[in-house]
Amino acid sequence: MTQEVQPSEVGNDRQAETVAVVAPSNAADLDGEGVNVFEVDQLDVFYGDFQAVRDIALPIRKNEITAFIGPSGCGKSTVLRCFNRMNDLIEIARVQGTVSYHGIDLYSDDVDPVEVRRRIGMVFQKPNPFPKSIYENVAFGPRIGGYNGNMDDLVEEALVKAALWDEVKDKLDESGMALSGGQQQRLCIARAIATSPDVVLMDEPCSALDPIATLRIEELMLNLKNDYTILIVTHNMQQAARVSDRTAFFSVDVEATQRTGYLVEMGTTTDMFTNPTEQQTEDYITGRFG
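Residues numbered from 1 in each chain as written. Predicted model: local features only at pLDDT ≥ 70, side-chain atom pairs only at ≥ 80, totals over all residues. Heavy atoms only, no water.

### A look at the overall build of the chain
Here is step 1: Across its full length, the chain holds eleven helices and ten strands.
Here is step 2: The buried share among the 290 residues of the chain stands at 53%.
Here is step 3: Only carbon and sulfur atoms are counted for the fraction: they give 46% of the accessible area of the chain, which is about 13,000 Å². (Helix = DSSP H or I, 4+ residues; strand = E, 2+ residues; numbered from the N terminus. Buried < 20%, exposed > 50% of the residue type's maximum accessible area, 1.4 Å probe, protein only. Areas by Shrake-Rupley, 256 points an atom, 1.4 Å probe, with all protein chains shown as cover.)

In C-alpha cells, the structure reads:
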C-alpha cells in the first residue's frame, strides 16, 4: 500500500542565538518554539561511487525561509533536491539517512514520490515555463492532479500570490515563453503553488535575473512565507541576509579523487552573519574564501 503523505500539521490546504547542529531528536528544541516541517539526520548522498554530501543533520522550521549557502560544489543543491526526492530521477543517485517530513520518512518504501513532489514544490535556477499559455502553465499541475474546483479562480489565486496577476490578467491566453525573465520565474512560482504545496524549494531562483527582477522575487518570498515553508539555495550573501530567517552554511572536503560536501553550522541568519560559531563560516561570509 502506498503511504499517503498527509501530515496533520500541513497548514496550506488552500486555505538570536546561534543554533548548534544537533540530531533531529533534539531539533524541535533549538530555541524552545516553532514547529519543524523537516528533520534531517545522517544524510549521505552518492552518485555512483562518488559521495556528494555526508552526515547532514538539520531541522527546517514551518513558515520560515531557510537559506543554504556555501562555495560551489559543496552539495547545497544536492541536499535541497533530497527534500522532494528529485534525486530519485538520477539513475545513479543513492540517498542514505533520514529525511523526515512531519514525522514521515520521505524515503520509506511505501511513500509515493509523486505525492511528495505535490506537497513539496520546486522552482529551478533558470525559469522554465511550459510552451503553453500563461493560464495553462498554472492550471497544468492541478488538472493532472484531478482538481475539480473552479480552475479560473485557482489560476487567479496562484498568479495573485506570485505577484503576477496584474501584469498578465489581460493576456492569459498568450504564451508563457513571451514573458520577461523575471515574469517567467514568477510564473514558475505560481505554477509551483497552484497545487497547494506545503513547502516550496528554490534552487538559486534569481541567478539568471537582473537586480530589479531579483528584488521582486525576494519581496515575493517574504510574502509567501506566511503560507509556505521556503528553502532557498543561493550564492548571493546579501540575498541570504535579506530574506532568510535561518541560514545553513555548507563547505567541502577536497581529496585526491573527490569533493564531499558537509554542513558546517546552522543558525539564525542574524547570528550567522554577525556572530557565527565557526571561523570557517566567518571567513566565507566575509569573503576570505569561496
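### Thoughts on the environment of Gly181
Here is step 1: As for its placement among the helices and strands, Gly181 is situated in helix α7 (residues 181–193).
Here is step 2: Beyond its immediate stretch of four places on either side in the chain, Gly181 contacts Pro127 and Leu209. (Contact = heavy atoms within 4.5 Å.)

### Concerning the pairing of strand β2 (residues 50–61)
Here is step 1: Taking burial as the measure, the twelve residues of β2 include nine buried ones, the bulk of the element.
Here is step 2: Both strand β1 (residues 36–47) and β2 contribute to a ladder of eight bridges, which runs antiparallel. Of the residues in β2, the one forming a bridge with Leu43 is Ile56.
Here is step 3: Hairpin connection of β1 to β2: two residues between the antiparallel strands, including Gly48 at a positive phi of 65°. (Pairing = 2+ DSSP bridges.)

### Some words on the nonpolar core
Here is step 1: Counting 46 residues, the largest nonpolar core has Val138, Leu159, Ile189, Met202 and Met221 as the members making the most contacts within it.
Here is step 2: Core analysis: the second largest hydrophobic core is formed by 36 residues, Leu43, Ile56, Leu106 and Phe250 among them. (Core = buried A, V, L, I, M, F, W, Y, C linked by side-chain atoms within 4.5 Å.)

### Notes on the packing of helix α5 (residues 151–161) against α7
Here is step 1: At a minimum axis distance of 8 Å, the contact between α5 and α7 shows a crossing angle of 130°. The orientation of α5 with respect to α7, classified from their angle, is oblique. In this structure, α5 crosses over α7, and the sense of that crossing is right-handed. Seen from α5, the contacting residues are Ala158, Leu159 and Lys161; seen from α7, they are Leu187, Ala190 and Ile193.
Here is step 2: Looking at the contact of α5 with α7 residue by residue, the class counts come to five nonpolar, no polar and one charged. (Axes fitted to C-alpha atoms, helices over the stretch in contact; angles between N-to-C directions. Parallel < 35°, antiparallel > 145°, perpendicular 65-115°, else oblique. Left-handed = near helix turned anticlockwise from the far one by under 90°. Nonpolar A, V, L, I, M, F, W, Y, C, P; charged D, E, K, R; others polar.)

### Some thoughts on α5
Here is step 1: For α5, the set of buried residues is Met151, Leu154, Val155, Ala158 and Leu159. Angular distribution of buried residues about the axis of α5 spans 125°; they occupy a single face of the element.
Here is step 2: After α5 finishes, the residue Ala163 shows a positive phi value of roughly 55°. (Arc of directions from axis to C-beta.)

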